[in-house]
Protein chains: 2
Amino acid sequence: MKKKVDYTLYLCTDRSFMSTNTIEESVELALEGGCTVVQLREKDCSSKDFYDLAIRVKTITHRYDVPLIINDRVDIALAVNADGVHVGQSDLPASVVRKIIGDDKIIGVSASTKALALQAVADGADYLGVGAMYSTNTKTDAGVITIDTVKEIRKAVDIPMVVIGGINKNTVSNVKGIGVDGICVISAIVAQQNITQAAKDLKELFMKP
Amino acid sequence: MKKKVDYTLYLCTDRSFMSTNTIEESVELALEGGCTVVQLREKDCSSKDFYDLAIRVKTITHRYDVPLIINDRVDIALAVNADGVHVGQSDLPASVVRKIIGDDKIIGVSASTKALALQAVADGADYLGVGAMYSTNTKTDAGVITIDTVKEIRKAVDIPMVVIGGINKNTVSNVKGIGVDGICVISAIVAQQNITQAAKDLKELFMKP
């Protein structure tokens, strides 16, 4: 059965920006601080290494009863029986992913426009990753969108959406009160010296009225 | 149902060594010359590009009734309903691939030792890619093995095996009469000015008594 997801604080990993030695450490510290979803993103390792890592990370996320989403690689998601997969516009089309992965898994889709958001919903997406909100070091090719675009997408679709790209303690207040279900964070969590505290602080800043 | 495969002349693509503009052109010319299996190998393109390419190549291979095998990416193989997948020792384990891909698809495994070959058979491999036979420009990290190792593997396993790595018109005679089912070729076909003729010549050299 598809896991019911709390999208409030969605962690995305990036091994090049970590303050810890291993991704497992980062993930565990972030979960300790209240992350509610973990997406594992690996662009430059072998399939075997990605698979082995995903197995280790899944052991941790499941201990915290938090869903594990695999970026791009549907085969890795299937291989480790992850909770879902996240695809960008350069990955497999969501409609194709749905056929491969079945109805019980979560599919997230990156969307930077209303048209892409509507297409994602039509393709069977369970949630949207909307952004990039701000220019960021972790994904240098991502185009920045406006708060108005986020609002427009929010009006157009009724599936959960998280905002991504440059969300940190300074910018989080800008994405409150516009109907997004959560914030997706990379460096503002994993690059911090105190990952657990960073996660706690961001969650509190996003949730407090 | 699993396709019955003629492994005689197994083409593996590599876009960095092509004499043609597109992989589709290379594949079609090689099929015209008698290639019996096509493996699509893409290490540096997006999933979407790999998927789109695989769809286009499958249209060609199926016109020639030749199986299409996808290197490494089980999700791409599933997405395009390819005939099978080929995994190396740095890819998903064959036993895991079998669970994902089902019993009707072909799984090939790279094996450079008898132990790896036996493991591959135990994991459910349908055929082996054995090598590298000779040092090669297309896979610079591949360790070279001896003809004796090939013979040892041939004695130990009874699934089809193709040899790979530096097989060309000068070396092909060395891998005849040792019980291999076919030759796997990259640059000796796709890098040649006349791909069709190169394929024809290699097939003839390998098959003639």
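I will try to describe carefully the structure that is included in this document. Here the residue numbering is sequential within each chain, running from 1 through the sequence in written order. Naming scheme: in the order in which they are written, chains are lettered from A and ligands are numbered from 1. Predicted model: local features are reported for residues with pLDDT of at least 70 only, side-chain atom pairs are reported and counted for 80 or more only, and whole-chain, interface and lining totals are derived from all residues. Each side-chain value is worked out from all heavy atoms of the structure, with water and hydrogens disregarded.

## What to know about the interface of chain B and chain A
Listed by partner, the interface residues are 18 residues for chain B and 18 residues for chain A. A 1.4 Å probe defines the accessible area here, and the buried area is the portion of it lost by two parts on being joined, summed over both. Summing the contributions of chain B and of chain A, the shared interface buries around 1,400 Å²; its carbon and sulfur component is 70%. Area buried by chain B at its contact with chain A is led by K48(B), D75(B) and L92(B), which between them contribute 31% of it. Whenever Lys or Arg places a side-chain nitrogen within 4 Å of a carboxyl oxygen from Asp or Glu, that contact is recorded as a salt bridge. Put simply, chain B and chain A have 1 salt bridge between them. Taking the shortest distance from any N to any O, the salt bridge between D75(A) and R73(B) comes out at 4.0 Å. Polar contact criterion, stated in full: a pair of N or O atoms within 3.5 Å, where within protein one must be able to donate a hydrogen and the other to accept it, and residues adjacent in sequence count only if both atoms are side-chain atoms. Where chain B meets chain A, there are 10 residue pairs in polar contact (both at pLDDT 80 or more). The helix and strand labels rest on DSSP assignments: H or I over at least four residues marks a helix, E over at least two residues marks a strand, and numbering proceeds from the N terminus. Of all elements in the fold, only α2 (47-63), α3 (74-80) and α4 (94-101) of chain B reach the threshold of two or more residues within the side of chain B that touches chain A. Take the side of chain B that touches chain A: its biggest share by element is 5 residues, from α3(B). Polarity classes work like this: nonpolar for Ala, Val, Leu, Ile, Met, Phe, Trp, Tyr, Cys and Pro, charged for Asp, Glu, Lys and Arg, and polar for all others, with Gly in that last group. A per-class count over the side of chain B that touches chain A returns 9 nonpolar, 4 polar and 5 charged. Contacts: residue pairs with any heavy atoms within 4.5 Å of one another.

## As for the relation of the copies chain B and chain A
What relates the pair of chain copies is a rotation about an axis plus a shift along that axis. A least-squares fit on C-alpha atoms brings the copies together, and the residues used are those whose pLDDT is at least 70 in both copies. Superposing chain B onto chain A takes a rotation of 180° plus a shift of 0.0 Å along the axis, which leaves an RMSD of 0.0 Å. The relationship between the two copies is best expressed as a two-fold rotation axis. Distance from the rotation axis, computed per C-alpha, reaches its smallest value in chain B at D75(B): 2.3 Å.

## Comments concerning the sheet that holds strand β6 (residues 127-131) of chain B
Residues and elements named next belong to chain B. In this analysis, strands are considered paired if DSSP registers two or more bridges between them. The strand order around the closed barrel built from 8 strands is β1-β2-β3-β4-β5-β6-β7-β8, with neighbouring strands paired in parallel fashion. Here the strands of the sheet are splayed against their neighbours by 25° on average, with no regard to which way each runs. With 3 bridges connecting them, strand β1 (residues 9-12) and strand β8 (residues 182-185) associate as parallel partners. Note on β8: the bridge partner recorded for L9 is I183. Only the stretch in contact is used when a helix axis is fitted, and all axes are lines through C-alpha atoms; the angle between N-to-C directions ranges over 0 to 180 degrees. Against the sheet, α4 contacts β4 (84-87) and β5 (106-111), and its axis sits at roughly 170° relative to β5.

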